[in-house]
Amino acid sequence: MCISSQNPLDVNRDYFPANTRAAVDGTIAGSAEVTVAGDFSITYHKYFKVVKNLKDSKTYILRICGSDAPTQYPDGTAIEAGAKHFSVPVKGVGIGGSTPSAFLEQLDLLDEVKLADVTYAHSPCLHSAQVAGDITQEGAYANFASKAASETSVELVLTDSFGTGKCTCDKDVLFDASGDDTPLGRAEWIKFLATFFNEEDRANLFFSREKAAYDSTKALAASAAALYELTKAKKKCAWVNDYSGYTVDMHPYKNTYCIDAGMEPFSISLPSGTTSK
């Protein structure tokens, strides 16, 4: 698939056909432009795709490997000066946080991880690769940035809104799945990540299964809650954050879990001048 002198770029060929594209839930794959999880969008062109993180307005131009970086869109509009360009599928990933590893594992891409801080990662496969020497271990807030920037085997560095493991270089991509407000919204970020590896079809399949399982459990919880409430008051749900003096932490993401489990999010009246997450 990569462009070369033996396989020159055909500007009339669709290098990202419909069956390989990310799909919005409820639609078939192949939409010219899709917006998923509410926080990112993907637009497909003949030989490159445009991925935008709508939370921070970052634009990533992903061109078919071996081709030159495009300078304009098909309509003649110049590509944003601040856009970052990647050749896809990318080879070699650096992850300073634990969140990306779960998504990479579902995409069967852990072998692309070359640099990581595995301290808080739960994946046995990731730890095994680090022990075997296939992954270089580096603390996210130690020498990770300089190592990620200089390491030629790393083409992509996945960071988050906190800047975890960022190299402050052109390899940085804001993968902010943990910032989404709903559980399924977070799960759908697998489609964002998949675009950098041309694995959208696998991401579509994973998410459709995840959503089906979640919705099924949600329906069972709603049925059980309705039966329970015939004789008793609705159960309440509270999340407690012990990092700041045991405050009640009712982030929208956590509230969604409460509601979808058939419970009522806990609410508290705070004294004037005080706050809670």
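The notes below deal with the structure included here. Keep in mind that this is a model prediction, so the values were computed, not measured.

### Regarding the overall build of the protein
Secondary structure assignment for the protein yields seven helices and 14 strands. Its C-alpha atoms give the protein principal-axis dimensions of roughly 75 × 45 × 40 Å. Going through the 277 residues of the protein one by one, you find that 43% of them count as buried. Restricting the contact set of the protein to residue pairs at least 6 apart, pairs at least 24 apart contribute 49%. Surface summary for the protein: the accessible area is close to 14500 Å², and the carbon and sulfur share equals 53%. Distance between charge centroids for the protein: 3 Å, based on 26 positive and 35 negative side chains.

### Here's the deal with the pairing of strand β4 (residues 58–64)
Each regular strand shows side chains that alternate between the opposite faces of the sheet. Where burial is concerned, most of β4 is hidden: six out of the seven residues are buried. Both strand β3 (residues 48–53) and β4 contribute to a ladder of six bridges, which runs antiparallel. Its bridge partner lying in β4, Lys-49 is registered against Leu-62. Between the antiparallel neighbours β3 and β4 lie four residues, among them Ser-57 with a positive phi of about 65°. The sheet contact formed by β4 and strand β5 (residues 84–88) spans five bridges and is parallel.

### Considerations on the state of the cysteines
If you walk through the whole model with that rule in mind, you get three disulfides. Across a sulfur-sulfur distance of 1.9 Å, Cys-167 and Cys-169 are joined as a disulfide pair. When the S-S torsion is -80°, as for the bridge of Cys-167 with Cys-169, the disulfide is left-handed. Relative accessible area serves as the criterion here: at 8%, Cys-167 is assigned to the buried category. The class for Cys-169 is partly exposed, based on a relative accessible area of 21%. Each disulfide in the protein links cysteines that, numbered along the sequence, combine into the pattern 1-2, 3-4, 5-6.

### Focus on the packing of helix α6 (residues 200–228) against helix α7 (residues 252–260)
The N-to-C vectors of α6 and α7 enclose an angle of 55°; their axes lie 9 Å apart at closest approach. If you check the angle between α6 and α7, you find them oblique. Side by side, α6 and α7 meet where Tyr-214, Lys-218 and Ala-221 of the first sit next to Thr-256, Tyr-257 and Asp-260 of the second. Residue composition of the contact of α6 with α7, by class: three nonpolar, one polar and two charged.

### Points about the layout of surface pockets
Volume-wise, the largest pocket comes out at about 740 Å³. For the largest pocket, the lining is made up of 29 residues, of which Thr-99, Asp-160, Phe-162, Thr-164 and Ser-178 are closest to its centre. Among the elements of the structure, α1 (99–106), β9 (156–159), β12 (240–241) and α7 are those that each provide at least two residues to the lining of the largest pocket. Looking at the lining of the largest pocket residue by residue, the class counts come to ten nonpolar, eleven polar and eight charged. Size it by volume and the second largest pocket reaches roughly 460 Å³. If you go around the second largest pocket, you meet 20 residues; those closest to its centre are Ala-102, Phe-103, Ala-187, Phe-206 and Glu-210. Of all elements in the fold, only α1, α4 (183–187), α6 and α7 reach the threshold of two or more residues within the lining of the second largest pocket. Examining the composition of the lining of the second largest pocket, we find that five residues originate from one element, α1, more than from any other.

### A look at the sheet that holds strand β7 (residues 113–116)
Taken together, five strands build an open sheet; the order of strands is β8-β7-β6-β9-β10 and the sheet is parallel. If you trace the sheet from one side to the other, it starts and ends with β8 (136–137) and β10 (172–174), each paired once. Of the pairings in the sheet, the one linking strand β6 (residues 93–95) to β9 comprises three bridges and is parallel in character. Among the inter-strand pairings, Val-93 is bridged to a residue of β9, identified as Leu-156. Set on the sheet, α1 makes contact with β6, β7 and β9; between it and β6 the angle comes to about 140°.

### As for the nonpolar core
If you look at the biggest cluster of nonpolar residues, it comprises 50 residues, and the most contacted ones within it are Tyr-60, Leu-104, Leu-156, Leu-158, Phe-192, Phe-196 and Phe-197. Among the elements that line this core, the one with the most residues is helix α5 (residues 189–194), at five residues. Residues within four places of Leu-104 in sequence aside, it is in contact with Ile-95, Leu-109, Leu-110, Val-113, Leu-158, Leu-193 and Phe-197. Core analysis: the second largest hydrophobic core is formed by six residues, Leu-115, Ala-148, Val-157 and Cys-167 among them.

What counts and how
Residues numbered from 1 in each chain as written. Predicted model: local features only at pLDDT ≥ 70, side-chain atom pairs only at ≥ 80, totals over all residues. Heavy atoms only, no water. Helix = DSSP H or I, 4+ residues; strand = E, 2+ residues; numbered from the N terminus. Buried < 20%, exposed > 50% of the residue type's maximum accessible area, 1.4 Å probe, protein only. Contact = heavy atoms within 4.5 Å. Areas by Shrake-Rupley, 256 points an atom, 1.4 Å probe, with all protein chains shown as cover. Lys, Arg positive; Asp, Glu negative; His and termini not counted. Charge placed at Lys NZ, Arg CZ, Asp CG, Glu CD. Pairing = 2+ DSSP bridges. Disulfide = S-S within 2.5 Å. Axes fitted to C-alpha atoms, helices over the stretch in contact; angles between N-to-C directions. Parallel < 35°, antiparallel > 145°, perpendicular 65-115°, else oblique. Nonpolar A, V, L, I, M, F, W, Y, C, P; charged D, E, K, R; others polar. 1 Å grid on protein atoms, 1.4 Å probe; cavity = no way out; pocket = protein on both sides within 12 Å on 5 of 7 lines; lining within 4 Å. Points joined across faces, edges and corners; volume = space filled by probe spheres on them. Core = buried A, V, L, I, M, F, W, Y, C linked by side-chain atoms within 4.5 Å.

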